[in-house]
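Chain by chain, the residues run as shown.
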Amino acid sequence: MRSIWKGAISFGLVTIPVKLYSATEQKDIAFHQVHREDGGRIKYKRVCTVDGEEVPYADIAKGYELPGGEMVVLTDDDFADLPLTTSRRIDVLQFTPAEQLDPILFNKSYYLEPETNGVKPYILLRDALERTGQVAIVKIAMRQRESLAALRIREGVFVLETMLWPDEVREPGFDFKDEDVEVRPQELKMAESLIQTMAGRFDPADYHDAYREALQQVIEAKVAGREVVRPEAPEEAKPAVDLMAALRASVEAAKKEREGAPRERKPAARTGTEDGAAADSPEKEEKPAKKRRTRKSA
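The notes below deal with the structure included here. Nothing here was measured: the structure is a model prediction, and the numbers come from that model.

## Focus on the pairing of strand β6 (residues 106-114)
Thought 1: In this structure, strand β2 (residues 14-22) lies alongside β6, joined through five bridges in antiparallel fashion. Its bridge partner being in β6, S22 is matched across the sheet by Y110.
Thought 2: The pairing of β6 with strand β9 (residues 157-163) spans six bridges and is classified as antiparallel. Bridged to F106 within β9 is M163.

This is how it looks when you write it as structure tokens:
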């Protein structure tokens, strides 16, 4: 890994020099926009809407549009003069129990590695946080943005979780919250039973990105000139009328699935509510699998 930022944790009068690394990476398959006819890459030009001329990157600035359409142009000097006193510091503001932090605030994760002269205070703060069960609430300025962040420990290393500001979290103003919907005690009990049956220790290694794997197979088949097999899409699940029957059948299916070993992870059954409707009815007969279609690659 390559560090993307250097600074120091400021913990009272203690300074811990650290390097910052991205802790996560996206595994999506990257595509380019190309010309369908010959596969040529598509390029874009930066063109000014006023004079129609192409603008070199060195002449591009940031602009803030006013309600009336006027544009306020900001240069690098304007950003350099901003009062970001924490530009190279991770200032510890307070300590708090981890359960008080709503995960919706978390934005991006980074690892912190101590510099050679910061190893001992790094370990000291790490061990103190582990013993007290606290996380540190800090402030950091990075990439022309100041953020709140949480400092926690993962596998003996500090993880810096940048956080959104409270006004960046949208309110869930949905109409259904005000509806008077009656849930029967029997239905609630059965739903709780289903949850308990499906409960277990979460291991992310049990799951995989089936879409990305299938897409990679399509690409490899295109390269090799092989025939690409596409299974017939299953019929979309329809909501059932009897909610209790659907819950009871789900509990039984979950128990049978848990008893079988090893079991393959499957996405949870979709449920919906339409005039008291829910998941698939257990009485629905399974249809025989349709024959796969094949198509040759281009």
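## A short note on the pairing of strand β3 (residues 62-65)
Thought 1: Pairing analysis gives four bridges linking β3 to strand β4 (residues 71-74), with the strands arranged antiparallel. Across the sheet, residue G63 finds its bridge partner in β4, namely V73.

## Let's talk about unusual backbone geometry
Thought 1: Non-glycine residue E155 carries a positive phi angle of around 50°.
Thought 2: Counting through the fold element by element, E155 comes out in the loop between β8 (146-154) and β9.
Thought 3: The exposed category is assigned to E155, whose relative accessible area is 72%.

## Things to note about the side chain of T197
Thought 1: Checked against the element boundaries, T197 lands in helix α3 (residues 185-198).
Thought 2: With relative accessibility at 13%, the residue T197 sits in the buried group.
Thought 3: Reaching out from T197, the side chain makes a polar contact with the backbone oxygen of S193 at a distance of 2.8 Å.
Thought 4: Here T197 is in contact with V251, A254, K255 and R258, once residues within four sequence places are set aside.

## Remarks on the nonpolar core
Thought 1: Ranked by internal contacts, the top residues of the largest apolar core, which has 21 residues, are I9, I90, L112, F158 and L160.
Thought 2: The set of elements that each furnish at least two residues to this core consists of β1 (5-11), β2, β5 (89-97), β6, α2 (119-132), β7 (134-141), β8 and β9.
Thought 3: With residues near it in sequence (within four places) discarded, L112 still touches I9, V18, K19, L20, I90, Y122, L151, V157, F158 and L160.
Thought 4: Judged by nonpolar contacts, the second largest core, of seven residues, contains L105, V135, I137 and M163.

## Remarks on the packing of α3 against helix α5 (residues 243-259)
Thought 1: At a minimum axis separation of 9 Å, α3 and α5 run at an interaxial angle of 15°. In terms of axis orientation, α3 runs roughly parallel to α5. At the point where α3 passes α5, the crossing takes the left-handed sense. Counting all contacts with α3, which are made through Q186, E187, M190, A191, S193, L194, T197 and M198, the residues of α5 involved are L243, M244, L247, R248, S250, V251, A254, K255 and R258.
Thought 2: Grouping the constituent residues of the contact of α3 with α5 by class yields nine nonpolar, four polar and four charged.

Analysis parameters
- Residues numbered from 1 in each chain as written.
- Predicted model: local features only at pLDDT ≥ 70, side-chain atom pairs only at ≥ 80, totals over all residues.
- Heavy atoms only, no water.
- Pairing = 2+ DSSP bridges.
- Helix = DSSP H or I, 4+ residues; strand = E, 2+ residues; numbered from the N terminus.
- Buried < 20%, exposed > 50% of the residue type's maximum accessible area, 1.4 Å probe, protein only.
- Polar contact = N/O pair within 3.5 Å; in protein donor to acceptor, adjacent residues only side chain to side chain.
- Contact = heavy atoms within 4.5 Å.
- Core = buried A, V, L, I, M, F, W, Y, C linked by side-chain atoms within 4.5 Å.
- Axes fitted to C-alpha atoms, helices over the stretch in contact; angles between N-to-C directions.
- Parallel < 35°, antiparallel > 145°, perpendicular 65-115°, else oblique.
- Left-handed = near helix turned anticlockwise from the far one by under 90°.
- Nonpolar A, V, L, I, M, F, W, Y, C, P; charged D, E, K, R; others polar.

Keep in mind these numbers describe shape, not what the thing actually does.
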